[in-house]
Amino acid sequence: MTPSPPTLELKLDGLVGPTHNYAGLAPGNLAAAHNRHAISYPKAAALEGLAKMRLLLDLGIPQGFLPPHPRPNLGLLRRLGFTGSDAAVLRSALRQAPELLATACSAAAMWTANAATVCPSADSADHKVHFTPANLIASPHRAQESATTAQTLKRIFANPNHFVHHPPLPAAVGLGDEGAANHTRFCSDATQPDAPGVHLFVFGQPATPRQATRKFAPRQTETASRAVARLHRLDPDQVVFAQQHPDAIDAGVFHHDVIGVGHRNLLLVHEAAFANRETTLRQLRDRVPTLRIVEISHNELSLEDAVRTYLFNSQLVTTPVGDTVLIAHQACAEHPGVRQLLDRCIAQGHLDAVRFIDVQQSMRNGGGPACLRLRVELTTDQLAAVHPGYLLDAAKLDWLTRWVERRYPDQLTPDALASPDLLYSSQEAWAELDQHLSLDSSAAHRRLRA
């Protein structure tokens, strides 16, 4: 056991929104495609997410949240040509283009691993924490998130003495950026994460054409990854760029965090993760001499089962007493092969414990425990500068739980997305959250309705 390090890793989980639904809008996401048009359960989804946040808080991990984006996005529908009253816009969209209505109701901002890429002050040339919101241009239902996410991050991390905010990368071909789901930071000494680290940026689309995927298009581009590294003023010698294996993308690995999870000096990864596997692992070992790489072979776990159980979309955390804990979905406990792998990791000292949680509502849309959180490494002074309204304690979690139980619908069918009652109840829920947490969302509402 080691004492608490001088830097802390704040976890920002996305709070599931009241329009959580299964529209199957994400090509390459097998779970989302399988559950397309199924009945969703927004209240259960939000309560599952809050239970996960409470677990992290109970483990002594600094925990915050990002509020759901205002939905339905009437401004988007009006820009796409639907006119009339709010109710008329929703009815017309359902009748003429239900996929656009589902897009405008998307609650996918809950997966904050795609919110942004964040690099700590220990690694940047100006010794500040850098944020670049993801543009998410590969998916129209997610591309609408970047402006709201950027505003929220600026509000949470407002002090310019500590934080630097970059705009999302331009929405242009070859600049698709999916955020922290394809970015991992390692450090040689797990007890001193405030020391300079090494950044792994994983991309699916190389800057120059190479072997292509055959089924699903890659989302993250090499050009975008390299741009973010430059913007964050990282030392080129402390950065590794790696291409996803095309076979993995075609198997449903739409982000790297579906096939690899890393934290400090530990990397748990499937052997099918990288196109240039040996080169990538060698570069990581050279830059992080103490890095422990636990590589899982096809014989131990097939690529299909890795995607099905979301083992690698588990969340790695370090507790204040130095324990390394894996937060995994319940499906991992129920799969004999995965459970055996996790028991082996504990026996070999890579993990101190595994905690299983139920985030089934998120999993049915292709998002496990790691998808729901954004990691922000901060010094104690930087943490003190964070907007307190977004930081959680037991009392605030209790209030959010009661708020969800009162305000969220129990279930939604695809047709229910056009209900004016859902629109107005969602707006009332947001206004109450806004008032309770002293957050200012009026500008976001004006923008979405413009």
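Higher on the page you've got the structure.
Here is a short report on the structure shown in this document. Just so we're clear, the structure is a prediction, and the values are computed from it rather than from any experiment. (Residues numbered from 1 in each chain as written. Predicted model: local features only at pLDDT ≥ 70, side-chain atom pairs only at ≥ 80, totals over all residues. Heavy atoms only, no water.)

Take the packing of aromatic side chains next. For the structure shown, the criterion picks out seven aromatic pairs. Pairing Phe65 with Tyr390 gives two aromatic rings, centres 6.1 Å apart and planes at 40 degrees, and the pair type is tilted. Of this pair, Phe65 sits in strand β2 (residues 63–66) while Tyr390 sits in the loop between α15 (380–384) and α16 (394–407), and the two are 325 residues apart along the sequence. Classification of Phe65 by relative accessible area gives buried; the value is 0%. Connected via pairs of aromatic rings, a cluster forms that spans Phe131, Phe157 and Phe163. Here the guanidinium or amino end of Arg226 rests over the ring plane of Phe241, the centre of that ring lying 4.1 Å away. (Phe/Tyr/Trp six-rings, centres within 6.5 Å; stacked < 30°, edge-to-face > 60°. Helix = DSSP H or I, 4+ residues; strand = E, 2+ residues; numbered from the N terminus. Buried < 20%, exposed > 50% of the residue type's maximum accessible area, 1.4 Å probe, protein only. Lys NZ or Arg CZ within 6 Å of the ring centre and 35° of its normal.)

The mixed open sheet is built from three strands, whose spatial order is β12-β13-β14. Each edge of the open sheet carries a strand with a single partner, namely β12 (315–318) and β14 (353–357). Averaged over all adjacent pairs, the angle separating strand axes in this sheet is 25 degrees, with direction ignored. The pairing of strand β13 (residues 324–329) with β14 spans five bridges and is classified as parallel. Looking at β14, one finds that Ala328 is bridged to Phe356. Running over the sheet, helix α13 (residues 336–347) touches β13 and β14 and is turned about 145 degrees from β14. (Pairing = 2+ DSSP bridges. Axes fitted to C-alpha atoms, helices over the stretch in contact; angles between N-to-C directions. Contact = heavy atoms within 4.5 Å.)

Taken as a whole, this structure holds 18 salt bridges when the rule is applied. Glu9 is paired through a salt bridge with Lys11; the nearest N and O atoms lie 2.8 Å apart. Across the pair, exposure class does not vary: Glu9 and Lys11 are buried alike. The salt bridge partner of Arg339 is Asp343, with a shortest N-O separation of 3.9 Å. One end of the pair is Arg339 and the other is Asp343, both in helix α13 and four residues apart, which spans about a single turn. What makes Arg339 partly exposed here is its relative accessible area of 35%. Through salt bridges that share partners, Arg406, Arg407, Glu428 and Glu432 make up one connected network. (Salt bridge = Lys/Arg side-chain N within 4 Å of Asp/Glu carboxyl O.)

Another aspect to go through is helix α2 (residues 42–58). Over its 17 residues, α2 extends 24 Å from the first C-alpha to the last, a length consistent with the 24 Å expected when each residue adds 1.5 Å. Among the residues of α2, Pro42, Lys43, Ala45, Ala46, Glu48, Gly49, Leu50, Lys52, Met53, Leu55 and Leu56 are the ones counted as buried. In the stretch just after α2, Gly60 is the one whose phi turns positive, near 90 degrees. (Expected span 1.5 Å × (residues − 1).)

Now for the pairing of strand β4 (residues 129–133). Remark: a regular strand shows side chains that alternate across the two faces of the sheet. Among the five residues of β4, five are classified as buried, and the element is accordingly described as predominantly covered. The side-chain alternation of β4 yields two buried faces, one formed by Val129, Phe131 and Pro133 and the other by His130 and Thr132. Here four bridges tie strand β3 (residues 116–119) to β4, and the two strands are oriented antiparallel to one another. Each residue of the ladder has a partner; that of Thr117, found in β4, is Thr132. In this structure, β4 lies alongside strand β5 (residues 163–165), joined through three bridges in parallel fashion. Bridge pairing in β5 links Phe131 to His165.

So, about the packing of helix α4 (residues 86–96) against helix α17 (residues 420–437). Remark: α4 packs on α17, axes separated minimally by 9 Å, with the N-to-C direction vectors making an angle of 125 degrees. What the angle tells us is that α4 and α17 run oblique. You can see that α4 and α17 cross each other, and the crossing is right-handed. Along its contact with α4, which presents Asp86, Ala87 and Leu90, the element α17 presents Pro420, Leu423 and Tyr424. When grouped by side-chain class, the residues that make up the contact of α4 with α17 number five nonpolar, no polar and one charged. (Parallel < 35°, antiparallel > 145°, perpendicular 65-115°, else oblique. Left-handed = near helix turned anticlockwise from the far one by under 90°. Nonpolar A, V, L, I, M, F, W, Y, C, P; charged D, E, K, R; others polar.)

Attention now goes to the packing of α16 against α17. One can describe the packing of α16 onto α17 by two numbers: an axis separation of 11 Å at closest approach and a directional angle of 165 degrees. For the element pair α16 / α17, the angle class is roughly antiparallel. The handedness of the crossing between α16 and α17 comes out as right-handed. The residues of α17 that touch α16, namely those facing Lys396, Trp399, Leu400, Trp403, Arg406 and Arg407, are Glu428, Ala429, Trp430, Glu432, Leu433, His436 and Leu437. Partitioned by chemical class, the residues of the contact of α16 with α17 number seven nonpolar, one polar and five charged.

Soluble globular proteins: nonpolar side chains tend toward being buried together. If you look at the biggest cluster of nonpolar residues, it comprises 57 residues, and the most contacted ones within it are Leu15, Leu200, Leu267, Phe274, Leu400 and Trp403. The element best represented in this core is α2, accounting for six residues. Residues within four places of Trp403 in sequence aside, it is in contact with Leu15, Tyr408, Ala429, Trp430, Glu432 and Leu433. (Core = buried A, V, L, I, M, F, W, Y, C linked by side-chain atoms within 4.5 Å.)

Moving on: unusual backbone geometry. Residue Pro72 follows Arg71 across a cis peptide bond; omega there is 0 degrees. Structurally, the position occupied by Pro72 is in the loop between β2 and α3 (74–79). A positive phi angle, close to 70 degrees, is found at His37, a residue other than glycine. Its place among the elements puts His37 in the loop between α1 (30–34) and α2. In this model, Tyr310 sits at a positive phi of 60 degrees, which is unusual for a non-glycine residue.

Looking at the element boundaries, Ser426 is found in helix α17. Take Ser426: its relative accessible area is 6%, and that puts it in the buried class. Once the C-alpha coordinates of Ser426 and Val202 are considered, the two residues, 224 residues apart in sequence, prove to be 36 Å apart. Sequence-distant contacts of Ser426, that is, excluding residues within four places in its chain, are made with Pro18, Thr19 and Arg71.

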